[in-house]
Amino acid sequence: MLDQQTFLRDAMRRLNLTRENFSDRIGIRKRALDTWLLPETSGEYRVMPDIVTKFVTEILGGSMVAQGLTQSVYIADPNTPLRSRIGYHGKPQLLSVEQFSRDSLEELFRIADIMQPIARRQKVSRILEGAVLANLFFEASTRTRISFGAAFCRLGGSVCDTTGFTFSSMTKGESIYDTSRVISGYVDALVVRHPEQGAVDEFARATNIPVINGGDGPGEHPSQAILDLYTIQREFSRLGKLIDGAHIVMAGDLKYGRTVHSLIKLLALYRNLRFTLIAPPTLEMPAHILERIARAGHVVEQSTSLAQGLKGADIVYATRIQKERFGEEAIEGYTPDFQINQAMINASCSADTIVMHPLPRDGRPGANDLSTDLNHDPRLAIFRQTDNGIPVRMAIFATLLGVENQVQHSMRDVSWRSPHHVGPDDAAFDGLD
Amino acid sequence: MLDQQTFLRDAMRRLNLTRENFSDRIGIRKRALDTWLLPETSGEYRVMPDIVTKFVTEILGGSMVAQGLTQSVYIADPNTPLRSRIGYHGKPQLLSVEQFSRDSLEELFRIADIMQPIARRQKVSRILEGAVLANLFFEASTRTRISFGAAFCRLGGSVCDTTGFTFSSMTKGESIYDTSRVISGYVDALVVRHPEQGAVDEFARATNIPVINGGDGPGEHPSQAILDLYTIQREFSRLGKLIDGAHIVMAGDLKYGRTVHSLIKLLALYRNLRFTLIAPPTLEMPAHILERIARAGHVVEQSTSLAQGLKGADIVYATRIQKERFGEEAIEGYTPDFQINQAMINASCSADTIVMHPLPRDGRPGANDLSTDLNHDPRLAIFRQTDNGIPVRMAIFATLLGVENQVQHSMRDVSWRSPHHVGPDDAAFDGLD
Amino acid sequence: MLDQQTFLRDAMRRLNLTRENFSDRIGIRKRALDTWLLPETSGEYRVMPDIVTKFVTEILGGSMVAQGLTQSVYIADPNTPLRSRIGYHGKPQLLSVEQFSRDSLEELFRIADIMQPIARRQKVSRILEGAVLANLFFEASTRTRISFGAAFCRLGGSVCDTTGFTFSSMTKGESIYDTSRVISGYVDALVVRHPEQGAVDEFARATNIPVINGGDGPGEHPSQAILDLYTIQREFSRLGKLIDGAHIVMAGDLKYGRTVHSLIKLLALYRNLRFTLIAPPTLEMPAHILERIARAGHVVEQSTSLAQGLKGADIVYATRIQKERFGEEAIEGYTPDFQINQAMINASCSADTIVMHPLPRDGRPGANDLSTDLNHDPRLAIFRQTDNGIPVRMAIFATLLGVENQVQHSMRDVSWRSPHHVGPDDAAFDGLD
């Protein structure tokens, strides 16, 4: 049995309706809907009448018949688990965002929603008790490593870590094939991060166990793009907006930024988006990505001026310029004007614009990266974004290991006390569904 | 329900009585008291008659009324959990020994006593099952890292480790604020060790989750000072001594030694101590610490001669001279005469003197550190001291996460076999309560 | 209660009979026996009639009386657990293959067989829940570290890892004695790998808790030799062969190769073996090992030609030449002729020859190490060999911690889905018993 929140959120997604449209559609006040969407622990939470459940279920049935097979409608085939539908060469492995359709992506989001009470330390699950993850980081990335590791632990599993090329066997000439096959005999899933594009793919080919690409150099980092889109979807849900038709601004290094390329590929699965791409002249979005957006029927504008480009944005997605890539060389056009800060957001954006960043951001003087003066502004969603890494990665593990339908029944209350808000600057609605 | 040992130990502490005085007070023979204080598994263990429980409870009630609000009497307010009373800026975080009063310190010790059956591998608890600790060691300290990690695991939790500045994001200019807030979204508690004073404080300010200072350079390392004092209290309890009025000798580098500074601050919460401080001329105790001891009404003597200073010591606390700090330079007055060894202890100390050291000790020839020739001497408490790191750190975690009252009921017997003594040279009374 | 497979496999071992001889002995068809030996989940699995159990039990009783005290008969004294019989200076520690007799080795194999359903992700056990392992790797060896760590996790325990000489305390002059005793107070077992021979022994002497030698430089690496022999025994069991009388070929660096020395010591516990040792002239087997084989009544031949030496081999055990040991210098006689590859195996070996290697193998061009062109050949057992590291190391932990008799009753089904074969090239019989 789905809980009330998950049922309603899922229904709104399938019907492609905002909260306002949805409450109109079923003839209730939006205020009532909001109380049904609150966590059960909230003082203002209300139980939804049974009649609403029945009504919504009926609408959903009709909608699915009426809309037939259009891509945006979610029809779960009970005979094909998600792991098979997103499989990589027939295996339960996640290497690329290309493995997703809009449907399978939204199904993964629904699983991530189920994980939220665990990610927020209200519930504990031990469904993966006995399973072991190898977190193989041939390139240091502490936050990503801990995020994957903590997600696996929160499902009850155990983690073996390795960082750097301390993999002595590989320095002795061992092939990736051998390394992958050997480690696969020890554990139940692999997360691999590697500085070379294609290396994770080699790991995946040598084994049948779940492999997740944790970033392969200039290649992909699919879980980052998925958590970014999950964040957009959750923020929009809170604000009563839809992804279809949204205005997305991306700013910074759009040439080398792996995360924006992958995020765009996922966003392109939606309809009628408007992209504004703002980059210094030498760091513009590659042509093949621009073509892809255009082919999918979206509108693209390019700009070198932040102040102009931000106007009307629903999402501002800022990225760090990887200065270590350029050495001492100055980057043409990357001036203080390129910094997104409080003044600029106040001048160009509305109260419901959302500011995101894949992090880390460079906080040093003169870095021109996303300013820390926005830390108290609730429009800054960067920590809601990293927080979402846990439920999204839990959903990925649960899906690839085939336990996604068992998680909800495996939950029990936590025994320890957690703060209501993780960060002292977290906005009042953080953690709210 | 407290067990018999914990009840009695707690009563003696509250009444500030040794075993002898306590057995006098309630009119029984000390021998009988000793059998009640043994572990239940001991052949000589005896169950205490109910009448004793009632009598002691009544004495405790009277004592608390009579002594009113004096600092040394323990009055637990059931409405204020320990985590709130020792809180750091209102958060359940442990940054400094300054957060403790004598009462709250002794309450923590009582919780550590409850942890002893787990620390000694007689019992298992899973109370923190589902919780995740991030062990962030920006400076290598393997023993401290493993001690915190093992303590968290023994409560049922999982641990994500990181060592060194492999924190690639920080080398890319990320602020401590961002790092702390991001990791806090992944886990339930942070232990942070950092080479710079104040860095752990920055971590703590950026999050509401429990943060424990695992050592911040020349700053503090509070769990070390707490386990040191816990060791003194346990050794004295075994010997029938009280901390009030004790003679504490500290020898070695008293200028830079972070551990002695913190330990002195905790000892200063007790009454009428006598300190003998023995250091080479350039490594003497800083004036502000001396003033603090004096202000609290304790007596201080300074000496440069070990042979003289050790006389009449209840505790000899030796510290390592951090030679790496001085390079090739010789340290004035740090001669072989400065080495505490078997001959010196035999000549100057009594049978119930206790020798401690925060470890590591330098065992290389010519190091002049605490000699290994004491390894078989039961007065050497250095490994009882490190062993106590586990129950003390478990008590800190349990307190900050608010599960300290649930631990005892969560215990079950271990399934595996453990040696009776961990070390082949452990004294016969090791592990005895 | 042993399950049917374990009972039968054990009986065949005690009676020193192949499947064919065993089915003859009890008057059934080999085909029937094979169905009883299948996993319960197999479609062709059949339950063995009770009468067979009774008959086999009777044969075993008679056999044990008749054969009296000969070394090859397994007589478990219920009063002496295995940990005591293989103990190291009376402690439950595993430092050397010399601690084993043939009986105790085969008893360990029986325990490893019990672990197989867990190692193959069919079952989960939590018998070591609450126990903590310290995995101390003073020398990097990622695969060995993960293998030990995963084995401990699969029994329900938790692991604290450390890699390299980040052990800051030891760089400050701390002795191994102190390090070992301190860490032993935190955890329940130690795995130690160290570049210097004898260092692990020093660790073991300083503590009473279980210590396992994970490799001490040119010294020993006993768990590797045990898993190698366990692999030989399992492969032979599948093929209906016995170790007694087998022809073992070892090729490569036989002078410095720690693994072949230890494996030979274990093989020498069996009867009437024939060894063919093939090495370049400067890398021949040391004389003291040759003498040991001869003393135990086995036949040894030495050769410098692979093509000749491989003829009639039951086992071909190849080892890597540690080129890093020789620098730029060419190794006399280590030419492409020295490479074991598909063509050579086809030319010189039969269909039931087994090819093993301790890994890593050097896959770089010109390395002359075991060729990757054998990857699809079912005779290549190198990954079955590494897979066996998990049940063998689980058996070692369970034995040293005294839970080997509780594991079977602690098992429950896994909740997640695993691939039928770990590797895409795994032979059809992989994972079969």
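Everything numeric here is computed off the predicted structure, so don't read it as measured data.

So, how was this worked out
- Residues numbered from 1 in each chain as written.
- Chains lettered and ligands numbered in written order.
- Predicted model: local features only at pLDDT ≥ 70, side-chain atom pairs only at ≥ 80, totals over all residues.
- Heavy atoms only, no water.
- Contact = heavy atoms within 4.5 Å.
- Buried area = accessible area lost by both parts, 1.4 Å probe.
- Salt bridge = Lys/Arg side-chain N within 4 Å of Asp/Glu carboxyl O.
- Least-squares fit on C-alpha atoms with pLDDT ≥ 70 in both.
- Pairing = 2+ DSSP bridges.
- Helix = DSSP H or I, 4+ residues; strand = E, 2+ residues; numbered from the N terminus.
- Axes fitted to C-alpha atoms, helices over the stretch in contact; angles between N-to-C directions.
- Polar contact = N/O pair within 3.5 Å; in protein donor to acceptor, adjacent residues only side chain to side chain.
- Buried < 20%, exposed > 50% of the residue type's maximum accessible area, 1.4 Å probe, protein only.
- Disulfide = S-S within 2.5 Å.
- Phe/Tyr/Trp six-rings, centres within 6.5 Å; stacked < 30°, edge-to-face > 60°.

1. Structural notes on the interface of chain A and chain B
Right, on to step 1. Counting from both sides, the interface comprises 40 residues of chain A and, opposite them, 41 residues of chain B.
Right, on to step 2. Both faces combined, the contact of chain A with chain B buries some 3,500 Å², and carbon together with sulfur accounts for 51% of it.
Right, on to step 3. Of all residues in chain A, A:Arg143, A:Ile146 and A:Trp416 bury the most surface against chain B, accounting for 18% of the area lost on that side.
Right, on to step 4. Seen at the junction of chain A and chain B, the total is 8 salt bridges.

2. Remarks on the relation of the copies chain C and chain A
Right, on to step 1. At an RMSD of 0.1 Å, chain C and chain A line up after a rotation of 120 degrees and a shift of 0.1 Å along the axis. Overall, the copies show the geometry of a three-fold rotation axis. Among all residues of chain C, the one whose C-alpha sits closest to the rotation axis is C:Ser158, at a distance of 4.5 Å.
Right, on to step 2. Comparing interface residues between copies, only 5% of those in chain C also sit at the interface in chain A, which points to a heterologous contact through distinct surfaces.

3. Considering the sheet that holds strand S8 (residues 299-303) of chain C
All names here are of chain C.
Right, on to step 1. Spatially, S8-S7-S6-S9-S10 is the arrangement adopted by the 5 strands of the open sheet, whose pairing is parallel. One side of each edge strand has no neighbouring strand; the edge strands of this open sheet are S8 and strand S10 (354-356). Recorded for the sheet is a direction-independent mean angle of 15 degrees between the axes of neighbouring strands.
Right, on to step 2. Those strands touched by helix H11 (residues 222-239) are strand S9 (315-318) and S10, and its axis lies near 165 degrees from that of S10.
Right, on to step 3. Contacts between helix H12 (residues 258-267) and the sheet are confined to strand S6 (247-251), strand S7 (274-278) and S9, with S6 contributing the most and set at about 165 degrees to the helix.

4. Some words on the side chain of A:Asp362
Right, on to step 1. Summarising the element assignment, A:Asp362 is placed in the loop between strand S10 (354-356) and helix H16 (382-387).
Right, on to step 2. Only 3.0 Å separates the side chain of A:Asp362 from the side chain of A:Arg364, close enough to count as a polar contact.
Right, on to step 3. When sequence neighbours within four positions are dropped, the list of residues in contact with A:Asp362 reads A:Arg320, A:Ala367, A:Asp369, B:Lys172 and B:Gly173.

5. Quick word on the pattern of salt bridges
A side chain with one charge can pair with a side chain of the opposite charge if their charged atoms come near.
Residues and elements named next belong to chain C.
Right, on to step 1. The full count for this structure, using the stated rule, is 96 salt bridges over all chains.
Right, on to step 2. In this structure, the salt-bridge partner of Asp362 is Arg364, at a minimum N-O distance of 3.0 Å.
Right, on to step 3. The class for Asp362 is buried, based on a relative accessible area of 8%.

6. As for the interface of chain C and chain A
Right, on to step 1. Contacts between the two partners involve 40 residues from chain C, matched on the other side by 41 residues from chain A.
Right, on to step 2. Between chain C and chain A, a total of about 3,500 Å² is buried, with carbon and sulfur atoms accounting for 51% of that surface.
Right, on to step 3. Per-residue buried area on chain C facing chain A is highest for C:Arg143, C:Ile146 and C:Trp416; these three make up 17% of the total on that side.
Right, on to step 4. Measuring nitrogen to oxygen at the nearest pair gives 3.1 Å for the salt bridge that ties A:Asp188 to C:Arg121.

7. Details of unusual backbone geometry
Residues and elements named next belong to chain A.
Right, on to step 1. In this structure, the amide linkage connecting Leu359 to the following residue, Pro360, adopts the cis form with an omega of -5 degrees.
Right, on to step 2. The backbone phi angle of Asn368 is positive, close to 65 degrees, even though this residue is not glycine.
Right, on to step 3. With respect to the helices, strands and loops of the structure, Asn368 is situated in the loop between S10 and H16.
Right, on to step 4. On the accessibility criterion, Asn368 (12% relative accessible area) is buried.

8. Let's talk about the environment of C:Asp178
Right, on to step 1. Take C:Asp178: it is sitting in helix H9 (residues 176-184).
Right, on to step 2. For the pair C:Asp178 and C:Asp425, spaced 247 residues apart in sequence, the C-alpha separation works out to 48 Å.
Right, on to step 3. One polar contact links C:Asp178 to B:Arg361, side chain to side chain, over a distance of 2.6 Å.

9. Observations concerning the state of the cysteines
Right, on to step 1. All told, the structure shown has 0 disulfides over all chains when counted by the stated rule.
Right, on to step 2. As a non-bridged cysteine, A:Cys160 has C:Cys153 as the owner of its nearest cysteine sulfur, 5.1 Å distant.
Right, on to step 3. Taking the relative accessible area as the measure of exposure, A:Cys160 reaches 5% and is therefore buried.

10. Topic: the relation of the copies chain A and chain B
The operation relating the two chain copies consists of a rotation about an axis and a shift along that axis.
Right, on to step 1. When chain A is fitted to chain B, the residual RMSD is 0.1 Å, and the transformation amounts to a turn of 120 degrees plus an axial shift of 0.1 Å.
Right, on to step 2. Mapped onto chain B, only 5% of the interface residues of chain A again fall at the interface, so the copies present different surfaces.

11. So, the packing of aromatic side chains
For any pair of aromatic rings, the description consists of the separation of the ring centres together with the inter-plane angle of the planes.
Right, on to step 1. Enumeration over the complete set of coordinates arrives at 15 aromatic pairs over all chains.
Right, on to step 2. With 5.6 Å between their ring centres and 40 degrees between their planes, C:Phe138 and C:Phe203 make a pair best called tilted. Here the residue C:Phe138 occupies a position in the loop between strand S2 (132-137) and helix H7 (142-154), and C:Phe203 occupies one in helix H10 (residues 199-205), the gap between them amounting to 65 residues. One exposure class covers both C:Phe138 and C:Phe203, and it is buried.
Right, on to step 3. Centroid distance C:Phe148 to C:Phe397: 5.9 Å. Interplanar angle 75 degrees. Geometry classified as edge-to-face. You can see C:Phe148 sitting in helix H7 and its partner C:Phe397 sitting in helix H17 (residues 389-400), a full 249 residues away along the chain. The same class applies to C:Phe148 and to C:Phe397, which are both buried.
Right, on to step 4. Grouped by ring-pair contacts, the aromatic residues A:Phe148, A:Phe152 and A:Phe397 constitute a single cluster.

12. Brief notes about the sheet that holds strand S4 (residues 189-194) of chain B
All names here are of chain B.
Right, on to step 1. With respect to topology, 4 strands assemble into an open sheet ordered S3-S2-S4-S5, the strand pairing being parallel. The sheet is open, and its two borders are formed by strand S3 (158-163) and strand S5 (211-216), each paired with just one other strand. In this sheet, neighbouring strand axes are inclined to one another by 10 degrees on average, regardless of whether the strands run parallel or antiparallel.
Right, on to step 2. In this structure, strand S2 (residues 132-137) lies alongside S3, joined through 6 bridges in parallel fashion. When the sheet's bridge partners are listed, Asn135 is paired in S3 with Asp161.
Right, on to step 3. In the packing of helix H7 (residues 142-154) onto the sheet, the strands contacted are S2, S3, S4 and S5, and the crossing angle to S2 comes to about 175 degrees.

13. A short note on helix H9 (residues 176-184) of chain A
Right, on to step 1. Of all 9 residues in H9(A), 8 are buried, a share of seventy percent or more.
Right, on to step 2. Within H9(A), the full set of buried residues consists of A:Ile176, A:Asp178, A:Thr179, A:Ser180, A:Arg181, A:Val182, A:Ile183 and A:Ser184.

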